[in-house]
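Summary of the model geometry
What follows is the residue order along each chain.
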Amino acid sequence: MSASNTSPDFTAWDDKGLYFRTAPSDLLQGEVLGNLIAEDGHKTLGVIYQNDAYGTGLFDAIKTTFEGTGGEVVADASFNVGDAQFDAQVATIKAQNPDAVAIVSFEQFKTIGPLLVNAGISADKFYLVDGNLSNTYGADFPVSLEGAKGTKPGPALEDDFVERLNTLWTGLGNPEIADQTYAAEAYDAVILVALASLAAGSTEGADIATKMQEVSGGSGDGEKCTSFADCAKIINDGGTADYDGYSGDITFDENGDPKGAAIGIFQYGADNTYSRIN
């Protein structure tokens, strides 16, 4: 069970029916981001992406969607996990001077972003993804990210969830969590495994897997519930629970993927932190 694996490769993975995830495939996030770039009026796009299942999956989805709107990906440059130098990738993008640049990475953005700005590509042309969309850059980041946009899976979190999360985390002696990416998906993953175990009457992985789709609503005949306690009561009373959580309706398909998911759109302000705009 994963709360953050998003590579499209996992959809068709030969998992013998044992693998599930509460995070949606990057095909959905790439589609949303590609459409966002086009809707913002950009006609040409450059993409810097990580050369692995995560990066290539998102790159393909962004490119397919953006070019499907009539736009053109005029430059793309990949890098390998572990690389520390990105001058060649930035030069490749700068040479084509695209209207917008999508960066599919993780921590590497801390180097790539300033290099792009120093090359003359302003941050308001940046489009980020869940791997590098972060509120940890802050005022000490060497360049302004004001105007940059990005996407990541998940609905707007209810304040009560965020408050409870931070209460628990700070109670363990930690600072407040600045970025709750995949927090809701992780919470729901635990609840679903527990409910499937209860429904199966077993703690064996193979037994739990047989009930995962059912307790998420995949059977189509369950009773809606939004907490472990309420869902557990339904199961213990002989019914079928259909859990809807903080990350959405979830509902696993035959591949163990959530059938639908919310993809949030965010934008950075002058303080180098982002806020949700859609």
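Just above sits the structure.
Below: a short report on this structure. Owing to the predicted nature of the structure, the values given are computational and were not obtained by experimental measurement.

As for the overall build of the chain
When helices and strands are counted, the chain shows eight helices and nine strands. Against the globule reference of 19 Å for 278 residues, the chain gives a C-alpha radius of gyration of 20 Å, in line with a compact fold. The C-alpha extent of the chain, read off along each of the three principal axes, is 65 × 40 × 35 Å. Taken across its 278 residues, the chain has 47% of its residues classed as buried.

Some remarks on the sheet that holds strand 3 (residues 100-104)
Ordered in space as 2-1-3-4-5-8-9, the seven strands form an open sheet in which the pairing is mixed. The open sheet has two edge strands, strand 2 (72-79) and strand 9 (274-276), and neither has a second partner. Ignoring strand direction, the axes of neighbouring strands in this sheet form an average angle of 25°. Examined bridge by bridge, strand 1 (residues 44-50) and strand 2 share seven bridges and lie parallel to one another. Its bridge partner being in strand 2, tyrosine 49 is matched across the sheet by serine 78. Of the strands in this sheet, strand 1, strand 2 and strand 3 are in contact with helix 3 (residues 87-96), which crosses strand 2 at around 170°.

Regarding the pairing of strand 8 (residues 263-268)
Among the six residues in strand 8, five count as buried, and that is most of the element. Bridge count between strand 5 (residues 149-153) and strand 8: five bridges; the pairing is antiparallel. Counterpart to proline 153 in the pairing with strand 8 is isoleucine 263. Note: strand 8 against strand 9, three bridges, orientation antiparallel. Bridging from a neighbouring strand, phenylalanine 266 pairs with arginine 276 of strand 9. Here strand 8 folds back onto strand 9, and the loop between the two strands holds five residues, one of which, asparagine 272, carries a positive phi near 65°.

A look at the pattern of salt bridges
If you walk through the whole model with that rule in mind, you get ten salt bridges. Where aspartate 40 meets lysine 149, a salt bridge forms, and the shortest distance between an N and an O atom there is 3.1 Å. Taken as a pair, aspartate 40 in the loop between helix 1 (26-39) and strand 1 and lysine 149 in strand 5 lie far apart in primary sequence, 109 residues in all. Among the residues examined, aspartate 40 registers a relative accessible area of 30% and is labelled partly exposed.

Thoughts on the side chain of serine 202
Structurally, serine 202 can be placed in the loop between helix 6 (183-200) and helix 7 (205-215). By relative accessible area, which is 13% here, serine 202 ends up buried. A distance of 2.7 Å separates a polar atom in the side chain of serine 202 from a polar atom in the side chain of aspartate 207. Those residues in contact with serine 202 that sit more than four places away from it in its chain are Ser197, Asp207 and Ile208.

Thoughts on the nonpolar core
Taken as a class, soluble globular proteins show a tendency for nonpolar side chains to be buried jointly. Ranked by size, the top nonpolar core spans 24 residues in total, and within it Ile103, Phe109, Leu116, Phe126, Leu145 and Tyr268 carry the most contacts. Put simply, the parts of the chain that give this core at least two residues each are strand 2, helix 3, strand 3, helix 4 (109-118), strand 4 (126-128) and strand 8. Per element, the largest residue contribution to this core is three residues, and it comes from helix 4. Look past the residues within four positions of phenylalanine 109 in its chain and what remains in contact with it is Ile103, Pro114, Phe126, Leu128, Asn132, Tyr137, Phe141 and Leu145. Core analysis: the next-biggest nonpolar cluster, separate from the first, contains 18 residues, Ile37, Tyr54, Phe59 and Val73 among them.

Let's talk about unusual backbone geometry
Phi at isoleucine 250 is positive, roughly 70°, even though this residue is not glycine. Among the structural elements, isoleucine 250 can be located in the loop between strand 7 (241-243) and strand 8. When its relative accessible area of 4% is taken as the criterion, isoleucine 250 is described as buried. With phi around 65°, asparagine 272 is a residue other than glycine that occupies positive phi space.

As for helix 5 (residues 159-171)
In a regular helix each residue adds 1.5 Å, so 13 residues correspond to 18 Å; helix 5 covers 18 Å between its end C-alpha atoms and thus fits that length. The set of residues buried in helix 5 consists of Phe161, Val162 and Asn166. Projected down its long axis, helix 5 shows its buried positions confined to an angular sector of 125°, all on one face. Exposed residues on helix 5 whose side chains face more than 90 degrees from its buried face are Glu163, Thr167, Leu168 and Gly171. The inward-facing, buried residues of helix 5 abut helix 6. Of the residues flanking the end of helix 5, it is glycine 173, one or two places downstream, whose phi is positive at about 90°.

Rules behind the numbers
- Residues numbered from 1 in each chain as written.
- Predicted model: local features only at pLDDT ≥ 70, side-chain atom pairs only at ≥ 80, totals over all residues.
- Heavy atoms only, no water.
- Helix = DSSP H or I, 4+ residues; strand = E, 2+ residues; numbered from the N terminus.
- Rg over C-alpha atoms; globule rule 2.2 N^0.38 Å.
- Buried < 20%, exposed > 50% of the residue type's maximum accessible area, 1.4 Å probe, protein only.
- Pairing = 2+ DSSP bridges.
- Axes fitted to C-alpha atoms, helices over the stretch in contact; angles between N-to-C directions.
- Contact = heavy atoms within 4.5 Å.
- Salt bridge = Lys/Arg side-chain N within 4 Å of Asp/Glu carboxyl O.
- Polar contact = N/O pair within 3.5 Å; in protein donor to acceptor, adjacent residues only side chain to side chain.
- Core = buried A, V, L, I, M, F, W, Y, C linked by side-chain atoms within 4.5 Å.
- Expected span 1.5 Å × (residues − 1).
- Arc of directions from axis to C-beta.

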